[in-house]
Amino acid sequence: MELNKSTIRKILWLITFAIVLHWGLQNHQLVGSLVKWLLWLVNPFILGASIAFILNVPMRLIEAHLFPAAVGPKAARARRLVSLSLASILILGIVVLVVILVIPQLTQSIMTLAERLPEELAVLQAWLTGIVADYPDIRDAIATYSFDLEYFGRIVADFLSKGASSFFSSTFSFAASIVNGIVMAILGIVFAYYLLAKKETFGSQARRLLQAFLPPAWARKILSVAALTSHTFARFITGQCLEAVILGLMFLATMLLFGFPYAMLISVLITFTALIPIVGAFIGCFVGMLLIAIINPVLSIWFLILFLVLQQIEENLIYPRVVGNSVGLPAIWVLVAFTVGGKLYGIIGMLVFIPLCSVLYALLREAVHNRLGEDPQKVADDV
């Protein structure tokens, strides 16, 4: 191997990497703490970028359909401000509408449960009395059982004396985490609005920065990946929202047709929970079954059957046509993206990580085809 400047540079980089890797392995706890601190530091910006991606979809539709092309910088700024405000009002209005529809019916459900509770307790008491009468061994065991009140009191006192400080410490940590979460959310929202208000400026600056400091081929590749990411996110979010609305309307129509209670409440819940991929609609189904079971347990079983039928229609007919191949990600990787995103950033992470993994999967598939000299259009998706 010829020992020129390029080779020496590569050797020095390898030596530096080996030294850093060795130091990192020897001090893995410090490295872990540093990584955790960096993630905590950039969390508001990651959250803000995710909110901006989601909010950009309705804002862009409003700009394209409600306003003609703006002429001049002042008109463009006014158009962006109005579109961003309308998109925010639209999302906030949907949330308020859902609260108005859900809260009264949820309050009514709680009141119904409170009214039926004495009756249900009486039924439970009669059932327990019947069991005791039918099984004398249980009655004799209960009669011979003695409850040591003094021993129980010592356990409670010991728990209170040892757990008081732990309780207050946990309460303080919980309150601090809530405050920290609120601050992070506010910073993320502010950052998202700033990104959306100046997205053309940021895009132009990023493009010029890439073209100035990177080779032309690298700059073109990064810009191509950014365009693919934006397009994938927009298609996924639009399709997911439309599919959730269609599923909710299907539940509303069928529940009203068959006379199920809480039709509006359960349909709205399923619409919103269906925005969460994979498990969202099942969460709405579980809540709906609980609400219906308060009135009629047998009817909740029929609701489960209705849910399974509509879910099959949605998965086999509606989802492929509405969302289609907007994600283009195998089911196993959808599950991985859903799990990782949910663990890191909750619901926002679930919505963001699936199209993000779709972009990474598309890039990996393209790289594999290029390395093998294959045409991606003619080769089956076997990556």
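The structure presented is a predicted model; accordingly, all values stated were derived computationally and were not measured. (Residues numbered from 1 in each chain as written. Predicted model: local features only at pLDDT ≥ 70, side-chain atom pairs only at ≥ 80, totals over all residues. Heavy atoms only, no water.)

(A) Structural context of the environment of Arg116. Relative to the helices and strands, Arg116 is located in helix 3 (residues 73–134). A relative accessible area of 26% places Arg116 in the partly exposed class. On a C-alpha basis, the gap between Arg116 and Ile295 in space is 9.0 Å, while along the polypeptide they are 179 residues apart. Sequence-distant contacts of Arg116, defined by excluding residues within four places in its chain, comprise Ile294 and Ile295. (Helix = DSSP H or I, 4+ residues; strand = E, 2+ residues; numbered from the N terminus. Buried < 20%, exposed > 50% of the residue type's maximum accessible area, 1.4 Å probe, protein only. Contact = heavy atoms within 4.5 Å.)

(B) Spotlight on the nonpolar core. With 24 residues, the main nonpolar core has Phe251, Met255, Ile266 and Phe303 as its most contacted residues. Among the secondary structure elements, those contributing two or more residues to this core are helix 3, helix 7 (216–258), helix 8 (263–273), helix 9 (280–295) and helix 10 (297–322). Here this core gets six residues from one element, more than from any other, and that element is helix 7. With residues near it in sequence (within four places) discarded, Phe303 still touches Phe251, Met255, Phe260, Ile266, Ile270, Cys285, Gly288, Met289 and Ile292. In this structure, Phe233, Ala234, Phe353 and Ile354 belong to the second largest nonpolar core, which totals 10 residues. (Core = buried A, V, L, I, M, F, W, Y, C linked by side-chain atoms within 4.5 Å.)

(C) Spatial organisation of the side chain of Thr271. Summarising the element assignment, Thr271 is placed in helix 8. For Thr271, a relative accessible area of 16% gives the class buried. Non-local contacts of Thr271, meaning those with residues more than four positions away in its chain, are made with Ala244, Val245 and Gly248.

(D) Seen up close, helix 2 (residues 28–66). With 39 residues, helix 2 extends 55 Å between its outermost C-alpha atoms, agreeing within 8% with the 57 Å of an ideal straight helix rising 1.5 Å per residue. Maximal helix bending in helix 2 amounts to about 45 degrees, located at Val42; proline Pro44 follows within four positions. All of the buried residues along helix 2 are Pro44, Leu47, Gly48, Ser50, Ala52, Leu55, Asn56, Val57, Pro58, Met59, Ile62 and Glu63. (Expected span 1.5 Å × (residues − 1). Bend = angle between axes of the 7 residues up to and from the residue.)

(E) A look at the packing of aromatic side chains. All told, the structure shown has six aromatic pairs when counted by the stated rule. Note on Phe251 and Phe303: the rings are 6.3 Å apart at their centroids and 50 degrees apart in plane angle, and the pair reads as tilted. Taken as a pair, Phe251 in helix 7 and Phe303 in helix 10 lie far apart in primary sequence, 52 residues in all. When sorted by exposure, Phe251 lands in the same class as Phe303, which is buried. An aromatic cluster is built from Phe251, Phe260, Phe282, Phe303 and Phe307, whose rings are joined through pairwise contacts. (Phe/Tyr/Trp six-rings, centres within 6.5 Å; stacked < 30°, edge-to-face > 60°.)

(F) Up close: the packing of helix 6 (residues 199–213) against helix 7. With their axes 8 Å apart at the nearest point, helix 6 and helix 7 run at an angle of 155 degrees to one another. By the angle class used here, helix 6 and helix 7 are roughly antiparallel. Crossing hand, helix 6 versus helix 7: right-handed. Taken together, the residues of helix 7 that come into contact with helix 6 (itself represented by Arg207, Leu210 and Gln211) are Ala219, Ile222 and Leu223. When grouped by side-chain class, the residues that make up the contact of helix 6 with helix 7 number four nonpolar, one polar and one charged. (Axes fitted to C-alpha atoms, helices over the stretch in contact; angles between N-to-C directions. Parallel < 35°, antiparallel > 145°, perpendicular 65-115°, else oblique. Left-handed = near helix turned anticlockwise from the far one by under 90°. Nonpolar A, V, L, I, M, F, W, Y, C, P; charged D, E, K, R; others polar.)

Take it as geometry only, folks, not as evidence of what the structure does.
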